[in-house]
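# Remarks on the overall topology
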Amino acid sequence: MKNNLFNDTESAFKLKKNFHIYNAVFLFNIITRKFLVSIFTNLTLLMLKLRLPIKWVLKNTIYKHFCGGINMSECNKIIYNMYELKVHSILDYSVEGLINESSFNKSCNKKINIINSVSKNNAIPFAVFKPTSIGRYELFKSVSLGIKLSKDQLDEWSRVVERFHKICEHAMKMKIKILIDAEEFEVQKAIDDLSVEMMKNYNKEKVIVYNTIQFYRWDRLAYLNKLFSIEIDRSFKFGFKLVRGAYMEKERDLAKINDYKSPICSSKNETDKNFDNGIDLMFSNIKNLSFFVATHNEKSNYKVLDLMKNNNLNNNTDKIWFGQLYGMSDNITFNLAKNGYNVAKILPFGPVENLVPYLIRRAKENSSFEGQSSRELSLLKKELIRRGS
Ligand SMILES: Cc1cc2nc3c(=O)[nH]c(=O)nc-3n(C[C@H](O)[C@H](O)[C@H](O)COP(=O)(O)OP(=O)(O)OC[C@H]3O[C@@H](n4cnc5c(N)ncnc54)[C@H](O)[C@@H]3O)c2cc1C
């Protein structure tokens, strides 16, 4: 694959007016500086705590860049405009830190409502959910560690399993694919096991359920190889979303505090190699699975494109999807779409205050991995020069 597919900034930023690009340049200039991100984070949290009126400022700057809107109808224009350029959307209603049964039920029903509303919209082929939005984090942790549950906890866990079934079964009925997010190492085993259970139930004819594999974990290739060898009775197909992983610093701290070996690769290079090997593994089992490459890394995307070509797969095969977050790597997303590949943007939506943790993660992520945000900046500037602005 010619390594210049993602250099076309005209296609990448077709939907952005000059003032959107200036806003993005302003944001990424702040985000690339770690100390400014730290000031922004602390100041935002403090102002929200003191109930100072900063929602308007957030909404018109960082929120506007990374999020779709307060509700689904506010996202419609973005969804429509992106789909005109063959880019799909995945609506992500994000609420974090839920702790009680009524909020888990509410969150589960919200996912069902989203599936209902997107089911007739070709622009939105996937739905997504975070497992700890429908069950207690500590319970996922106990199940992952194999701790014996009390009668009440067993009942509670059966309600979590029920919610998983409810969402996945409904997705299958409405012909919407469902991405299950990956979370922290200490809760992930329970999520993995439940996700495979969902695949066995709902991936019989088509791949509906995709579990997420975090390749910053050094044990994931062994996990996948074991899964492929155990599940020899293939009455179902696998679905995976491939990511590097979002909780690296937290994982390293948790491992230190609790005195176990860090589950994270020791360097970025090792994570990259692991991700590459994961992609190879997907292609060697391609008959029995579908996958969703969720990355802003150009090399990883090019690798998949090369392998698709070598395996004689059509650009638009439903077996392979690409995805980036809204507000990031438009050069990858829009150029993939222009060349006929299946690609989607994750479009978070919801009240500004609910999305503050998500926005802080985006800011921190972009300040930690300097290469990525300076690439965003240079592409935005290149486009301004091309436009003569
Ligand atoms: C569509 C989509 C869905 C996502 N869903 C999830 C999800 O469900 N769960 C989840 O955890 N994340 C998820 N992510 C986030 C993802 O895991 C990454 O944090 C993010 O995409 C950055 O990785 P990259 O491959 O895009 O880019 P790159 O810039 O190439 O990689 C950055 C990543 O490399 C790893 N890394 C960086 N430095 C080191 C180091 N010193 N040692 C070891 N590893 C290192 C980290 O994982 C870091 O995030 C998602 C991302 C996208 C685009």
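See the structure printed just above.
In this report, we go over the structure that sits alongside the text. (Residues numbered from 1 in each chain as written. Predicted model: local features only at pLDDT ≥ 70, side-chain atom pairs only at ≥ 80, totals over all residues. Heavy atoms only, no water.)

Before going further, it helps to spend a moment on the sheet that holds strand E6 (residues 289–294). Reading across from one edge, E1-E8-E7-E6-E5-E4-E3-E2 is the order of the eight strands in this open sheet, with parallel pairing throughout. Across the chains shown, the open sheet's two edge strands, defined by having one partner strand only, are strand E1 (88–93) and strand E2 (126–129). Taking each pair of neighbouring strands and ignoring which way they run, the sheet shows an average axis angle of 30°. Strand direction decides the pairing type here: E6 and strand E7 (residues 320–325), joined by four bridges, are parallel. Bridge pairing in E7 links Ala294 to Gly323. Each of E1 and strand E8 (343–349) touches helix H6 (residues 72–84); the most contacted strand, E1, lies at about 160° to it. (Pairing = 2+ DSSP bridges. Helix = DSSP H or I, 4+ residues; strand = E, 2+ residues; numbered from the N terminus. Axes fitted to C-alpha atoms, helices over the stretch in contact; angles between N-to-C directions. Contact = heavy atoms within 4.5 Å.)

So, about the state of the cysteines. According to the stated counting rule, one finds zero disulfides in the structure shown. The thiol sulfur of Cys108 is not disulfide-bonded, and the nearest other cysteine sulfur, from Cys168, lies at 9.7 Å. The exposure class assigned to Cys108 is buried, which follows from its relative accessible area of 2%. (Disulfide = S-S within 2.5 Å. Buried < 20%, exposed > 50% of the residue type's maximum accessible area, 1.4 Å probe, protein only.)

Moving on: unusual backbone geometry. Located in the positive-phi region is Lys86, a residue other than glycine, with phi close to 65°. As for its position among the elements, Lys86 is in the loop between H6 and E1. Taking relative accessible area as the criterion, Lys86 reaches 55% and is therefore assigned exposed. Even without a glycine there, the phi angle at Asn312 is positive, about 55°.

Moving on to a nonpolar patch on the surface. There is a patch of nonpolar side chains on the surface, built from Phe35, Ile39 and Leu43 and spanning about 320 Å² of accessible area. Relative to the helices and strands, Ile39 resides in helix H3 (residues 34–49). (Patch = residues over 30% accessible without salt bridge, like charges linked within 9 Å, V, L, I, M, F, W, Y side chains within 5 Å. Areas by Shrake-Rupley, 256 points an atom, 1.4 Å probe, with all protein chains shown as cover. Salt bridge = Lys/Arg side-chain N within 4 Å of Asp/Glu carboxyl O.)

Around the ligand, 28 residues are found, and the nearest of them are Lys241, Arg244, Gly245, Thr295 and His296. Backbone polar atom of Ala182 to an oxygen atom of the ligand: 3.0 Å apart, as the coordinates give it. With respect to the ligand, the side chain of Asn297 contributes an N or O atom lying 2.8 Å from an oxygen atom. The protein chains hide 92% of the 930 Å² of surface that the ligand would expose on its own. Elements that contribute at least two residues to the shell around the ligand include exactly strand E4 (209–214), strand E5 (238–243), helix H12 (248–258), helix H13 (268–284) and E7. Looking at the shell around the ligand element by element, the count peaks at three residues for E7. Here the residues of the shell around the ligand sort into 11 nonpolar, 11 polar and six charged. (Near = heavy atom within 4 Å. Polar contact = N/O pair within 3.5 Å; in protein donor to acceptor, adjacent residues only side chain to side chain. Nonpolar A, V, L, I, M, F, W, Y, C, P; charged D, E, K, R; others polar.)

Moving on, we come to the packing of H13 against helix H14 (residues 298–310). Following both chains from N to C, one finds H13 and H14 inclined at 25°, their axes separated by 11 Å at the closest point. With respect to H14, the element H13 is oriented roughly parallel. Handedness of the crossing formed by H13 with H14: right-handed. Of the residues in H14, those touching H13 at Phe275, Asp276, Ile279, Asp280 and Phe283 are Ser300, Lys303, Val304, Leu307 and Met308. Among the residues making up the contact of H13 with H14, the classes are represented as six nonpolar, one polar and three charged. (Parallel < 35°, antiparallel > 145°, perpendicular 65-115°, else oblique. Left-handed = near helix turned anticlockwise from the far one by under 90°.)

Here we come to H14. Given 3.6 residues per turn, any residue in an α-helix points the same way as the ones three and four places further on. Counted at 1.5 Å a residue, the expected span for H14 with its 13 residues is 18 Å, and the 18 Å between its end C-alpha atoms agrees. For H14, the full list of buried residues reads Glu298, Ser300, Asn301, Tyr302, Val304, Leu305, Leu307 and Met308. Measuring from the backbone nitrogen of Lys299 back to the side-chain oxygen at the start of H14 gives 2.9 Å, which picks out Asn297 as the cap. Positive phi appears at Asn312, one or two residues downstream of H14, with a value of about 55°. (Expected span 1.5 Å × (residues − 1).)

Scanning the model with the defined rule gives 23 salt bridges in all. One salt bridge in this structure joins Asp193 and Lys189, with 2.6 Å as the shortest N-O distance. With a gap of four residues between them, Asp193 and Lys189 both fall in helix H10 (residues 185–202), about one helical turn apart. Using a relative accessible area of 40% as the deciding quantity, one classes Asp193 as partly exposed.

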